[in-house]
Amino acid sequence: MTAPDLTGGSDDAALAGDALPVGGALPGGGVLPGGGALAGGGPGGALANGGAGGGTVAGDARAAGALAGDAVLAGPAVAWRRLSRRSMIVRPLTDLVRLLPLVAGLLILHTRTGGGLVWGVLASVFAVATGLVHWATTRYLITAERVYVRRGLLNQKTLSVARDRIRSVDVTAHLLHRMLGVCRVNIGTGRNDLRPGESFHLDGVTRADAELLRIELLTGTAAPGPPAPLAPLAPPAPSAPLTPAAPRAPEPARPSGERTTEILRLQLGWLRFAPLTLTGVVVLGVLFGAVIQITNATEINIAATDPVQHVVTDFTALSVVQRILVGGSVLLACYVLIAMVGYIAVFWDFRLTGIGTDTLRVTRGLLSVRATTISLARLRGVEISESLLLRAARGARCIAIATGLHVGRGAEREGSVLSPPAPRAVALHVASAVLGLPEDLCAGPLIQHGPAARRRRYVRALAGAVAVIAAIYLATRAQDGPAWVWVSSFALLPAAALLAADRYRSLGHRLAGGWLVTRTGTLARRRNIISTDAIIGWRVHQTWFQRRQGLITLTATTAAGQQHYSVRDVPVAQGLALATAATGELLQPFLRKAAAGDLAGSGVAAGDSPRSGVAISY
Amino acid sequence: MRTDAIAADPLLPGLRVPGNRVSRRAISYWTARAALSGSVVLIVELVFAGMSGFPAPWRAALIATFVLAALHAIIMPRWRFSVHRWEITDEALYTRAGWFSVHWRIAPISRIQTIDSHRSVGERIFGLANVTATTASAAGPVRIHGLDRQLADRLLDQLAVATGQTPGDAT
């Protein structure tokens, strides 16, 4: 694989033959105490190595013997690929940057007591050593059927996955990666038995290699020939069809025959939805945590500094009402600003494109660029989610439900976002462009769950409100507080009733055209649309209270997205009929014959094929 | 596999009861486990009460805990035994478990990826085992607790044969 690297872009040429200028160029500036150690030591020397810049080294056949029992791996022509040598820099620097507050504290300690520098140097040496070990011991190999990754020095681990299990390829590059021209490749499979820490990722692959990997793994075309083994300075073979990618340039040219259609691109007007999501809160939390960490490490008392003291004295000079107004508006302004900055940082230049007929590509990010490729055959549905505020502004987000991409609270982190918070029409457009979903499935009415479910919602909301009121009453009595505190808390009751009414309205399901639609939630209302042939099994859960009201919670287990999608508090007969209509033969043997007759009477034929598009209409 | 007459599930009209019960020794195992955790709680409370000299509220709390723990250890295992059931057909694995709240799980045999059997210390003492069948979905494992050990081994063999016959895993 030396060809792309030697011709590969201006960043390679700048680094070859030069020790990396550590001190000034990095975001951490000159604070790193180990800066001197890094520039003079291993990585700098390794980079200044003839003309072979930061390329991958081909042909290490000695790896062959370690994997017993696999004929392919024992062959003589096995060529394990390595990460880019620049990964030796990325790892230690990422670790050091993460420890920045601590390191800054140590530096300041050193200037006071003289002991901290030793620890700083030791820490950086350790970080460099782990980076070296990581580069030297991580290799990957792609054969016709499987992908192997080997890493670890003392504890050597080999992970492998069959190539037909690969569902998505996620390429991320944060600021440091981009400066060095490398990125991190995450391979998403349908496996669930990998322990945390054993994920399929390759951190520190050059950008050109990552692009080749993506094409190879997802479209199945072979890489341009195995490199000549054991020839360290082999002349470049003119086989790479790609033009190299310059930093922040548009996508490299694809092999002919692949059409790209752009489905969605970020519009700046969508910034108005930024404060309506939780991104701002999360970023605020992170900032707050970092500030606390720094103040702890450096023993600086922020509250005692002059500017803060001025503000505090001015603030306490105001009356109570003014305090609330001023404080509230300042907080609101800060929150809006931070949310917008966060939105831009995460969704800058968001593009959703379809490549050929079978892959989707999502690219986004400002400082940290992320490109996720999803195989369309494994896209099993979408989730259209709207938080309460977003709903008021008629906005929504669209998230992919695909095997190999886990959807969690941080859907942005996991790379499965198909449309950022945007007007609802945008999310609907994406859903129809990507999966061909009709609009009435994505936004239309759903079958409600009946009076028992509504009663349950009201009871739970009001019981919660009563509990809170009782707690406030006890607290006020214990502290001899004024009576208006707990009397005014009675306002929670109508608020709880409104919440319950909305929760009931949000609850619903539908089955049509081979898609199962289920919607729950108020504060974060999610409409999950899943293909019925992605449903692997069913779970039915019934608490004692649900049993008295004749309700169940029906859950479809899938291999995609959240792994389980629930239809909550649905009447028993309706739920079982839904499951039977969705996956015909699976539930059939376990139904009571008499009940099967009941189901037939209510408009669903038992044994209906799953994709016949029967909509339940009672 | 012995199958009862196809009876409606009293807990969930519409589904039928899975055919097989778990082992009777599971009642003793669950009782022992409940008694153990109850006594741990009681001992902790005794320690705290003793440190403050056994005042009246602590005595009431101790008595209440003892009564609750005893009721739990007596009622829960029998209730659980009557609810736990399992069945394997040619196409699917069907279980029912729980006591206060009940779960039913159905997984098609063709989609089962791995089958494991675990035995904790307590289960080994009572000669029990539990079987877990995982599917491609992380939320999909089907567990059968409280099986007799030899039955669990036979079940493992049977499931291994049945699952080996279908390629692909619907991911």
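Residues numbered from 1 in each chain as written. Chains lettered and ligands numbered in written order. Predicted model: local features only at pLDDT ≥ 70, side-chain atom pairs only at ≥ 80, totals over all residues. Heavy atoms only, no water.

Which residues make up the interface of chain B and chain A, and what are the values?
Counting from both sides, the interface comprises 30 residues of chain B and, opposite them, 32 residues of chain A. In total, chain B and chain A occlude about 2900 Å² of area from one another, counting both sides; carbon and sulfur atoms represent 61% of this. Taken together, the links from chain B to chain A amount to 0 salt bridges. Remark: the boundary between chain B and chain A carries 10 residue pairs in polar contact (both at pLDDT 80 or more). Breaking the side of chain B that touches chain A down by element, the ones donating at least two residues are strand S3 (92-98) and strand S4 (102-108) of chain B. For the side of chain B that touches chain A, the leading source of residues is S4 of chain B, giving 6 residues. Grouping the constituent residues of the side of chain B that touches chain A by class yields 17 nonpolar, 8 polar and 5 charged. Where strand S18 (residues 535-542) of chain A lies against S4 of chain B, 5 bridges are found, and the strand directions are antiparallel. Following the sheet pairing, His 541 of chain A is matched in S4 of chain B by His 103 of chain B. (Contact = heavy atoms within 4.5 Å. Buried area = accessible area lost by both parts, 1.4 Å probe. Salt bridge = Lys/Arg side-chain N within 4 Å of Asp/Glu carboxyl O. Polar contact = N/O pair within 3.5 Å; in protein donor to acceptor, adjacent residues only side chain to side chain. Helix = DSSP H or I, 4+ residues; strand = E, 2+ residues; numbered from the N terminus. Nonpolar A, V, L, I, M, F, W, Y, C, P; charged D, E, K, R; others polar. Pairing = 2+ DSSP bridges.)

Just give me the short version of the packing of aromatic side chains, but keep the residues and values in it.
For the structure on display, the rule yields 11 aromatic pairs over all chains. Centroid distance Trp 486 of chain A to Phe 490 of chain A: 6.4 Å. Interplanar angle 55°. Geometry classified as tilted. The class for Trp 486 of chain A is partly exposed, based on a relative accessible area of 23%. Consider the rings of Trp 544 of chain A and Phe 100 of chain B, whose centres lie 5.7 Å apart with planes at 20°: the pair is stacked. In this pair, Trp 544 of chain A is assigned in helix H22 (residues 544-549) and Phe 100 of chain B in the loop between S3 and S4, connecting two distinct chains. The exposure class of Trp 544 of chain A is partly exposed, given its relative accessible area of 31%. Lying over the aromatic face of Trp 30 of chain B, Arg 80 of chain B brings its terminal NZ or CZ to 5.6 Å of the ring centre. (Phe/Tyr/Trp six-rings, centres within 6.5 Å; stacked < 30°, edge-to-face > 60°. Buried < 20%, exposed > 50% of the residue type's maximum accessible area, 1.4 Å probe, protein only. Lys NZ or Arg CZ within 6 Å of the ring centre and 35° of its normal.)

Can you lay out the sheet that holds strand S20 (residues 564-571) of chain A for me, pointing to particular residues and giving the numbers?
Here we have 7 strands laid out as an open sheet, ordered S20(A)-S19(A)-S18(A)-S4(B)-S3(B)-S2(B)-S1(B), and antiparallel in their pairing. At either end of the open sheet lies a strand with only one pairing partner, and these are S20 of chain A together with strand S1 (20-21) of chain B. In this structure, strand S2 (residues 85-88) of chain B lies alongside S3 of chain B, joined through 4 bridges in antiparallel fashion. For Glu 87 of chain B, the partnering residue across the bridge sits in S3 of chain B and is Tyr 94 of chain B. Sheet strands in contact with helix H19 (residues 450-478) of chain A are strand S19 (551-558) and S20 of chain A, and its direction is about 105° off that of S20 of chain A. (Axes fitted to C-alpha atoms, helices over the stretch in contact; angles between N-to-C directions.)

Give a detailed account of the confidence of the model for chain A, specifying residues and quantitative values.
Residue and element names in this part refer to chain A. The share of residues in chain A with pLDDT of 70 or more is 68%, and the mean pLDDT across the chain is 72. Note on residues 1-70: pLDDT is under 50 here. Beyond four places in sequence and across chains, it has 110 contacts. When the criterion is pLDDT under 50, residues 221-256 qualifies, and its contacts beyond four places in sequence or with other chains add up to 45 contacts. (pLDDT = per-residue confidence, 0-100.)

How would you explain the nonpolar core if you had to name every residue and give the values?
Residues and elements named next belong to chain A. In this structure, Leu 352, Leu 418 and Leu 437 are the most contacted members of the largest nonpolar core, which totals 41 residues. In terms of residues, this core owes the most to one element, helix H17 (residues 424-435), which gives 7 residues. Discounting residues that sit within four places of it in the chain, Leu 352 has contacts with Thr 261, Glu 262, Ile 263, Leu 264, Leu 360, Arg 361, Val 362, Leu 418, Val 430 and Val 434. (Core = buried A, V, L, I, M, F, W, Y, C linked by side-chain atoms within 4.5 Å.)

Help me get a handle on the packing of helix H1 (residues 25-51) of chain B against helix H2 (residues 56-83) of chain B, residues and values and all.
Across the interface, H1 of chain B lies against H2 of chain B with an axial gap of 8 Å and an inter-helix angle of 170°. Between H1 of chain B and H2 of chain B, the crossing angle belongs to the class labelled roughly antiparallel. (Parallel < 35°, antiparallel > 145°, perpendicular 65-115°, else oblique.)

With reference to specific residues and values, describe the environment of Tyr 565 of chain A.
Residues and elements named next belong to chain A. Assignment of secondary structure puts Tyr 565 in strand S20. Beyond its immediate chain neighbours, meaning those up to four positions away, Tyr 565 contacts Ile 401, Asn 528, Ile 530, Leu 554, Thr 555, Ala 556, Thr 558 and Ala 560. Separated by 2.9 Å, the side chain of Tyr 565 and the backbone nitrogen of Gln 562 make a polar contact.

Which residues make up H19 of chain A, and what values go with them?
All names here are of chain A. Counted at 1.5 Å a residue, the expected span for H19 with its 29 residues is 42 Å, and the 43 Å between its end C-alpha atoms agrees. Those residues of H19 not exposed but buried are Gly 450, Ala 452, Ala 453, Arg 456, Arg 457, Ala 461, Ala 465, Ile 469 and Thr 476. Buried residues belonging to H19 abut helix H20 (483-488), helix H21 (492-506), H22, S19 and S20. Positioned one or two residues after H19, Asp 480 has a phi angle of 55°, which is positive. (Expected span 1.5 Å × (residues − 1).)

Run through unusual backbone geometry, naming residues and quoting values.
Comment: phi is negative for the bulk of residues other than glycine, and the bulk of peptide bonds are trans. Located in the positive-phi region is Arg 394 of chain A, a residue other than glycine, with phi close to 60°. Position of Arg 394 of chain A among the secondary structure elements: in the loop between helix H15 (388-392) and strand S13 (395-402). Positive phi values are uncommon outside glycine, yet Phe 54 of chain B reaches one of about 55°.

I'd like to hear about the packing of H19 of chain A against H21 of chain A, residue by residue, with values.
Residue and element names in this part refer to chain A. The N-to-C vectors of H19 and H21 enclose an angle of 150°; their axes lie 9 Å apart at closest approach. Our classification of the angle between H19 and H21 gives roughly antiparallel. The hand of the H19/H21 crossing is right-handed. Mapping the contact onto sequence places Gly 450, Pro 451, Ala 453, Arg 454, Arg 457, Tyr 458, Ala 461, Leu 462, Ala 465, Val 466, Val 468 and Ile 469 in H19 and Leu 492, Leu 493, Ala 496, Ala 497, Ala 500, Ala 501, Arg 503 and Tyr 504 in H21. Grouping the constituent residues of the contact of H19 with H21 by class yields 16 nonpolar, 1 polar and 3 charged. (Left-handed = near helix turned anticlockwise from the far one by under 90°.)

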